[in-house]
Amino acid sequence: MNLEEIKAFWEQAGQQIEESDRISPTSRDPYLGQLERENVLSFLGGRKRVLEIGCGDGAHTLHYARCVQKLSAMDVADSLIELAKKRMADHQTTPVDFRVGSVLNLSSVYGQDQFDCIITQRCLINLPEWENQQEAIKEVHKVLEPGGLFLLTEGFEEELNHLNKVRKSVHLPEIKVVPYNKNIVRKNFESFIRPYFDTLEIRDYGTYLFLSRVFHPLAVLPDNPQHDSPLNKAAFELSHALTIPQFQEYSYNLFYVLKKR
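Every value quoted in this text rests on a predicted model; they were computed, and no experiment measured them.

**Student:** Sorry if this is basic, but what is going on with unusual backbone geometry here?
**Tutor:** Glycine aside, residues mostly have negative phi, and peptide bonds are mostly found in the trans state. Here the amide bond leading from leucine 221 into proline 222 is cis, since omega sits at 5°, within 30 degrees of zero. Tracing the backbone through its elements, the reader meets proline 222 in the loop between α9 (206–220) and α10 (230–241). With a phi angle near 55°, arginine 122 is a residue other than glycine that sits in the positive phi range.

Set out below in structure tokens:
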């Protein structure tokens with residue numbers, strides 16, 4: 001899918017949510033989404049000017065708005081921004097400056113505005129080419145103030161390959177990347193960001209992803225695993241109680257804490 005097709009997909013997705021009130025496709029796995037949010041929240045305390053890029057229907061925006069002085073949130077789809085505004089209207093939080101726009105055009109959307117923290121949560125993977133993802137990272141760098149944090153939790157290619165290798169060994173089908181996503185090649189990413197950012201920390205979701213993507217589907221065969229099942233909830237709780245280093249290589253979602261050079 002190209003950029004326009006991906007934008008149209010999310011526009012339609014927002015309209016379908018509004019019509020049927022079903023779970024947002026931007027957070028199909030609620031437990032993985034919560035783990036991502038917990039990581040982001042652990043760095044937001046005391047932040048003055050925060051930008052969430054790719055906010056979707058605002059499921060996470062609501063939580064971020066409660067702990068920062070000023071929050072801006074942007075998405076490429078008008079329909080998702082309207083849902084996010086409705087969600088925020090039902091809660092008492094810091095007012096959010098919602099805007100429709102592309103991560104590829106941040107400096108035009110926000111002009112001279114600068115942020116001390118920027119969040120992308122499975123946003124860059126909605127760009128169809130690595131060149132687009134590089135451009136987006138440079139746009140983030142432009143609107144981030146010196147020393148500001150870039151909190152990035154995105155999908156990575158190598159780790160998904162490792163997980164699929166294990167799934168294949170136990171006769172589970174390959175996890176395929178959806179047409180509107182492109183996972184990032186980690187070695188390319190880390191090489192590219194080096195002139196722009198210092199990497200302060202990298203966190204993984206390996207324990208949760210291994211239990212939920214390998215153990216869970218094996219346990220429920222021949223039925224299909226469900227994202228909101230008690231087994232995933234147990235995997236979520238176990239991921240807080242223990243960290244298994246060997247599972248890091250299966251974490252196809254990674255959380256980076258980057259500081260602008």
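**Student:** What am I meant to see in α9 here?
**Tutor:** Along an α-helix, residues three or four apart share an orientation, since each turn contains 3.6 residues. In a regular helix each residue adds 1.5 Å, so 15 residues correspond to 21 Å; α9 covers 20 Å between its end C-alpha atoms and thus fits that length. The sharpest bend along α9 comes to roughly 30°, located at serine 212. Those residues of α9 that sit buried are Gly206, Thr207, Tyr208, Leu209, Phe210, Ser212, Arg213, Val214, His216 and Pro217.

**Student:** How should the nonpolar core be read in this particular structure?
**Tutor:** Ranked by internal contacts, the top residues of the largest apolar core, which has 37 residues, are Leu44, Phe98, Leu151 and Tyr208. If we ignore the near neighbours within four places in the chain, the residues touching leucine 151 are Val40, Phe43, Leu44, Cys117, Ile118, Ile119, Thr120, Phe255, Tyr256 and Val257. Among the nonpolar cores identified, the runner-up in size contains 30 residues, and Met74, Trp130, Val140 and Phe150 belong to it.

**Student:** Explain the sheet that holds strand β3 (residues 96–100) here, please?
**Tutor:** Adjacent strands of a sheet pair through backbone hydrogen bonds, lying either parallel or antiparallel. With mixed pairing, 7 strands are arranged side by side in an open sheet as β3-β2-β1-β4-β5-β7-β6. Each edge of the open sheet carries a strand with a single partner, namely β3 and β6 (197–204). Strand after strand, the sheet turns through a mean of 15° between neighbouring axes, direction not considered. Relative to strand β5 (residues 144–155), strand β4 (residues 115–121) is paired through 6 bridges, and the arrangement is parallel.

**Student:** Sorry if this is basic, but what is going on with the pattern of salt bridges here?
**Tutor:** Close approach of charged atoms allows side chains of opposite charge to pair. A full pass over the atoms with the stated rule returns 12 salt bridges. In this structure, the salt-bridge partner of lysine 85 is glutamate 82, at a minimum N-O distance of 3.7 Å. One end of the pair, lysine 85, and the other, glutamate 82, are both in helix α4 (residues 78–89), 3 residues apart, so they sit about a helical turn from each other. Judged by its relative accessible area of 38%, lysine 85 falls in the partly exposed class. According to the relative accessible area criterion, glutamate 82 is partly exposed, its value standing at 39%. A salt bridge links arginine 261 to aspartate 198, with the nearest nitrogen and oxygen atoms 2.9 Å apart. Of the two residues, arginine 261 is situated in the segment after β7 (253–260) and aspartate 198 in strand β6; the sequence distance between them amounts to 63 residues. For arginine 261, a relative accessible area of 52% translates into the label exposed. Shared partners join several salt bridges into a network, and the residues in it are Glu159, Arg186 and Glu190.

**Student:** Even after reading the chapter, I still don't get the pairing of β7, so can you show me in this structure?
**Tutor:** Along any regular strand, the residues point their side chains to alternate faces of the sheet. The element β7 is largely enclosed, with a buried count of 7 among its 8 residues. As paired elements, β5 and β7 share 7 bridges and run antiparallel to each other. Looking at β7, one finds that glutamate 154 is bridged to leucine 254. Sheet analysis places β6 next to β7, joined by 7 bridges and oriented antiparallel. Bridging from a neighbouring strand, isoleucine 202 pairs with tyrosine 256 of β7.

**Student:** Explanation requested: the environment of isoleucine 125 in the structure shown.
**Tutor:** By the element assignment, isoleucine 125 lies in the loop between β4 and α6 (130–143). Put simply, isoleucine 125 and lysine 86 are 39 residues apart on the chain and 26 Å apart in space, counted from C-alpha to C-alpha. Discounting residues that sit within four places of it in the chain, isoleucine 125 has contacts with Gln133, Glu154, Gly155, Tyr180, Asn181, Lys182, Asn183 and Ile184.

**Student:** Just to check I follow, could you spell out the side chain of glutamine 133 for this structure?
**Tutor:** Here glutamine 133 is to be found in helix α6. In this structure glutamine 133 touches Leu124, Ile125, Leu127, Lys182 and Ile184, once residues within four positions along its chain are discounted.

**Student:** Would you take a moment to explain the packing of aromatic side chains for this structure?
**Tutor:** The geometry of two aromatic rings is summed up by the distance between their centres and the angle between their planes. For the structure on display, the rule yields 15 aromatic pairs. Note on phenylalanine 210 and phenylalanine 247: the rings are 4.2 Å apart at their centroids and 15° apart in plane angle, and the pair reads as stacked. Pair noted here: phenylalanine 210 is in helix α9 and phenylalanine 247 is in the loop between α10 and β7, with a separation of 37 residues, a long-range link. The pair phenylalanine 210 / phenylalanine 247 is uniform in exposure class, with both members buried. Judged by centre distance (5.3 Å) and plane angle (40°), the ring pair of phenylalanine 210 and tyrosine 250 falls under tilted. One end of the pair, phenylalanine 210, is in helix α9; the other, tyrosine 250, is in the loop between α10 and β7, with 40 residues separating them in the sequence. Of the residues examined, tyrosine 250 reaches a relative accessible area of 14% and is grouped as buried. Site record: aromatic cluster; members linked through ring pairs are Phe9, Trp10 and Tyr180.

The rules we used
- Residues numbered from 1 in each chain as written.
- Predicted model: local features only at pLDDT ≥ 70, side-chain atom pairs only at ≥ 80, totals over all residues.
- Heavy atoms only, no water.
- Helix = DSSP H or I, 4+ residues; strand = E, 2+ residues; numbered from the N terminus.
- Expected span 1.5 Å × (residues − 1).
- Bend = angle between axes of the 7 residues up to and from the residue.
- Buried < 20%, exposed > 50% of the residue type's maximum accessible area, 1.4 Å probe, protein only.
- Core = buried A, V, L, I, M, F, W, Y, C linked by side-chain atoms within 4.5 Å.
- Contact = heavy atoms within 4.5 Å.
- Pairing = 2+ DSSP bridges.
- Axes fitted to C-alpha atoms, helices over the stretch in contact; angles between N-to-C directions.
- Salt bridge = Lys/Arg side-chain N within 4 Å of Asp/Glu carboxyl O.
- Phe/Tyr/Trp six-rings, centres within 6.5 Å; stacked < 30°, edge-to-face > 60°.

Purely geometric numbers; function is a separate question.
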